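# Chain and residue survey
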Amino acid sequence: MPTPNVQFLFDFGSPNAYLCHRVIPAIEARTGVRFDYRPILLGGLFKLANNRSPAEAFADIPNKRAYDRLEVDRFVARHGLARYRFNPFFPINTLQLMRGAVAAHKLGCFAPYVEAVYVAMWERGLDMGQADVVSATLAEAGLPAAQLLATAQDADVKAKLLANTNEAHARGAFGSPSFFVGDELFFGKDRLREVEEEIVRQRG
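Residues numbered from 1 in each chain as written. Predicted model: local features only at pLDDT ≥ 70, side-chain atom pairs only at ≥ 80, totals over all residues. Heavy atoms only, no water.

## Thoughts on helix 9 (residues 155-170)
Just so we agree on the cut-off: Working definition: helices are DSSP H or I runs of at least four residues, strands are E runs of at least two. Numbering for both runs from the N terminus. By this rule the span expected of a helix is its residue count minus one, scaled by 1.5 Å. The contact rule is simple, with two residues in contact once any of their heavy atoms fall within 4.5 Å.
The terminal C-alpha atoms of helix 9 lie 22 Å apart, and with 16 residues this matches the ideal 22 Å at 1.5 Å per residue to within 8%. In this fold, the buried residues of helix 9 make contact with strand 1 (6-10), strand 2 (35-39), helix 2 (42-49), helix 5 (95-107) and helix 8 (145-151). Just beyond helix 9, the residue with positive phi is Gly172, at close to 110 degrees.

Below is the structure:
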């Protein structure tokens, strides 16, 4: 059977992307298809797509913001994600974190890097916009913190993150979490069921 390519466009700054990260393994187990995590810079994608963050877009709509919190609570309860906590330092500038993700891929430690940063951001509530906090977090997770931070400044790493973001926009994405199953775009944590259905459909 054909195996569809499934991309997960993520930025650590999105709590909804974290929630997807926690649910994706179950979908992978049911379908036998591995998700391709694709680091993007959400702020850059917002600019390209003329979009704004929900916190900014709905700042003057209290009922919408309250409903969004309710939706997160329901999702957390449905999937048993008791470790989730909203980061008190939100919003955090994630440029260095996302470059670090590209660097981690280059250095062969992508999966543990992603897990360490997501835990720090959305379970421990750390200020991951601070370089010393990032360094300590990576070292605590057994990752080569100094090498990761240095590699994140390489020109090819910066170019790769930019290219990922530009490609996401060119394919129709406007935010995170976004998913491509083949060429089919899905946006938001509430489309995970449709993502799984499309994987099954494409597998025939």
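## Comments concerning the nonpolar core
Worth spelling out the cut-off: Nonpolar core, defined: a set of buried Ala, Val, Leu, Ile, Met, Phe, Trp, Tyr and Cys residues in which side-chain atoms within 4.5 Å join the residues together. Exposure is judged per residue with a 1.4 Å probe applied to protein chains only, and the accessible area is read against the type maximum: over 50% gives exposed, under 20% gives buried, and values in between give partly exposed.
The biggest cluster of nonpolar side chains holds 51 residues, and the ones touching the most others in it are Phe8, Phe10, Phe12, Phe35, Tyr113, Tyr118 and Phe179. Here this core gets nine residues from one element, more than from any other, and that element is helix 6 (residues 110-122). Contacts of Tyr113, omitting those with residues within four sequence positions, involve Phe12, Gln96, Leu97, Gly100, Ala101, Ala104, Leu138, Leu143 and Leu148. Core analysis: the next-biggest nonpolar cluster, separate from the first, contains six residues, Leu9, Leu45, Ala168 and Ala173 among them.

## Remarks on the pairing of strand 2
Put simply, the test is: The pairing criterion for strands is at least two bridges between them, as found by DSSP. For the handedness criterion, the strands are oriented away from the viewer, and a crossover whose path from the first strand over the helix to the second runs clockwise is classed as right-handed.
Across the five residues of strand 2, four count as buried, placing the element largely inside the fold. Note: strand 1 against strand 2, five bridges, orientation parallel. Bridge pairing in strand 2 places Phe8 opposite Tyr37. Taken together, strand 1, helix 1 (residues 15-31) and strand 2 form a β-α-β motif whose crossover is right-handed.

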